Amino acid sequence: MNTNAQIAITDLFFALIIFIILMTAFSFFWTLYLTRFNDNLQRQELELLAYHISDLLVKTPGYPDTWEQDPNNTRILGLAKQDRVLSQEKISAFANLTYNQTKTIFNIERYNYYLLIQKNGTALYETNTLPSGSSVSVRRTATYDNQPTLVQFTLGQ
Amino acid sequence: MTTNQHWYNLPSDNKGFIFTLDAFIASLIFLTTLLFTTYAVSQAAEFKTTNIYLIATASDALAALDNTNVLETLNATLIQNQTITTLPPYYGYKLTISRSSGPALELGEEVPTGTFIGSATRYFKTPTDYGQARMRIWLKA
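Basis of the calculations
Residues numbered from 1 in each chain as written. Chains lettered and ligands numbered in written order. Predicted model: local features only at pLDDT ≥ 70, side-chain atom pairs only at ≥ 80, totals over all residues. Helix = DSSP H or I, 4+ residues; strand = E, 2+ residues; numbered from the N terminus. Buried ≥ 20, exposed ≤ 12 C-beta atoms within 10 Å, placed from the backbone. Contact = placed C-beta atoms within 7 Å. Core = buried A, V, L, I, M, F, W, Y, C linked by C-beta atoms within 7 Å. Arc of directions from axis to C-beta. Pairing = 2+ DSSP bridges. Axes fitted to C-alpha atoms, helices over the stretch in contact; angles between N-to-C directions.

Help me out: how do you make sense of the overall build of chain B in this one?
Helix and strand counts for chain B come out as three helices and four strands. Ordered by position in the sequence, the α and β elements of chain B form the string α-α-α-β-β-β-β. Residues counted as buried form 19% of the 141 residues belonging to chain B. Contacts spanning at least 24 positions in sequence make up 60% of the contacts within chain B whose residues lie at least 6 apart.

Following this line, the structure appears as structure tokens:
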């Protein structure tokens, strides 16, 4: 009696089991790392956007330089009259813009943000909206009225 | 007996197992490499973002000291008090101020090893000369 076929089937059976185990493990880890990678990517995008916006706010006067005189034609929002020295006029003009207007100028329509400008524990400006879900927060320090002032920008869904 | 003879005499009966073992080892190496590279990439990406924040925070702290005219006083207590209120509590710092003439000033803690140090430098003017301030900050363990 020839048993060659049985041996081949046993071999195939073991090979299949190993293959299925490996494929399941591979699929599991692939999905796991893909999810982590996407989360990481999204978080990095948020971090870079938040950092970039906070940098523009505390370091630049915006564009045009005197956008606070005509806020409806603002191209870039900036709150500084010089590097990391905040301007009272620009903060007031920023406060007069609607939340959606500022989101459009920041080019972050798909996100929500929270901005707090605080001097000696007193809020000079604070948005009403707080992002829900995953968010990133950037703390910057600038000067206002010759005092160190905290500028906190939070960006999220 | 015939069956046993066939089992032992077949020259290529267990080649399949060798190939399976080969595939198993190859898959194991592939998976290990994949896991390691994914971990390394995620770690590297995380590291870079933290670095940017540390450098920006050091630069902000120096700019605040300069813009509030505290830096030019060269008063260790004033500078230290403002730095402590400006920096988040989970950051350690070392501030070195040197002048074109006169003694240097060192404030803060010892710089640790084995962790990323964010550094920023700012040149400033005092009533009599000019100076250089270097802020090094790191995340406390």
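After that view, the rundown keeps rolling.
I tried to follow the overall build of chain A on my own but got confused; where do I start?
Of regular secondary structure, chain A possesses three helices and eight strands. Ordered by position from N to C terminus, the α and β elements of chain A give α-β-β-β-β-α-α-β-β-β-β. The principal-axis extents of the C-alpha atoms in chain A amount to approximately 100 × 30 × 25 Å. Taken over 157 residues, chain A has a buried fraction of 25%. The contacts in chain A between residues at least 6 apart in sequence include a share of 53% that link residues at least 24 apart.

For this particular structure, what's the right way to read the nonpolar core?
Nonpolar side chains tend to gather and get buried jointly when the protein is soluble and globular. Counting 23 residues, the largest nonpolar core has L57, A142, V151 and F153 of chain A as its most contacted members. The element contributing the most residues to this core is helix 1 (residues 4–59) of chain A, with five residues. Leave out the neighbours within four places in its chain, and A142 of chain A touches V58, A80, R84, V85, L86, T149 and V151 of chain A. Counting 17 residues, the second largest nonpolar core, distinct from the first, contains A64, L65, M135 and I137 of chain B.

Even after reading the chapter, I still don't get unusual backbone geometry, so can you show me in this structure?
For residues that are not glycine, phi is negative in most cases, and the peptide bond is trans in most cases. All names here are of chain A. That bond from Y63 to P64 is cis: its omega, -5°, falls within 30 degrees of zero. Mapped onto the elements, P64 comes out in the loop between strand 1 (62–63) and strand 2 (76–77). The residue N120 is not glycine, and still its phi comes out positive at about 50°. Following the sequence through the fold, N120 ends up in the loop between strand 5 (112–119) and strand 6 (122–126).

Before we go on, may I ask you to explain helix 3 (residues 76–86) of chain B in this structure?
Residues and elements named next belong to chain B. Those residues of helix 3 that sit buried are I79, T83 and T86. Down the axis of helix 3, the buried set is contained in an arc of 65°. They therefore lie on one face. In helix 3, those exposed residues whose orientation departs by more than 90 degrees from the buried face are T77, N81, I84 and T85.

Help me understand the environment of L56 of chain A, please; the structure alone is not making it clear to me.
All names here are of chain A. With respect to the helices and strands, the residue L56 is situated in helix 1. Overall, L56 belongs to the partly exposed group, with 19 C-beta atoms counted inside 10 Å. For the pair L56 and L79, spaced 23 residues apart in sequence, the C-alpha to C-alpha distance is 7.9 Å.

Could you clarify how one ought to interpret the environment of L86 of chain A in this entry?
Residues and elements named next belong to chain A. Inspection of the secondary structure assignment puts L86 in strand 4 (residues 85–86). Overall, L86 belongs to the buried group, with 25 C-beta atoms counted inside 10 Å. Residues L86 and T66, 20 residues apart in the sequence, show an inter-C-alpha distance of 13 Å. Once residues within four sequence positions are removed from consideration, L86 is found in contact with L79, A80, I91, A142, T143, Y144 and T149.

Honestly, the pairing of strand 2 (residues 105–108) of chain B in this entry has me stumped. Any pointers?
The side chains of a regular strand alternate, residue by residue, between the two faces of the sheet. Residue and element names in this part refer to chain B. For strand 1 (residues 91–99) and strand 2, the ladder comprises four bridges, and the chain directions are antiparallel. What sits directly across from L95, in strand 2, is L107. Remark: five residues form the turn of the hairpin made by strand 1 and strand 2, two consecutive strands paired antiparallel; G102 in that turn has positive phi of roughly 110°.

I'm lost on the pairing of strand 3 (residues 118–125) of chain B in this one. Help?
Residues and elements named next belong to chain B. Sheet topology places strand 3 next to strand 4 (residues 130–139); eight bridges connect them, and they run antiparallel. Paired with G118 across the two strands is I137, which belongs to strand 4. If you look at the hairpin formed by strand 3 and strand 4, you'll find four residues sitting between the two strands.

What's the story with the sheet that holds strand 4 of chain B in this structure? I'm lost.
The strands making up a sheet are joined through hydrogen bonds of the backbone, oriented either antiparallel or parallel. All names here are of chain B. If you trace the four strands from one edge of the open sheet to the other, you get 2-1-4-3, paired in antiparallel fashion. Each having just a single partner strand, strand 2 and strand 3 make up the two edges of the open sheet. Strand-to-strand twist in this sheet, taken as the mean axis angle between neighbours without regard to direction, amounts to 15°. Packing against the sheet, helix 3 makes contact with strand 1 and strand 2, and its axis sits at approximately 35° to strand 2.

Shape descriptors only; they carry no functional weight alone.
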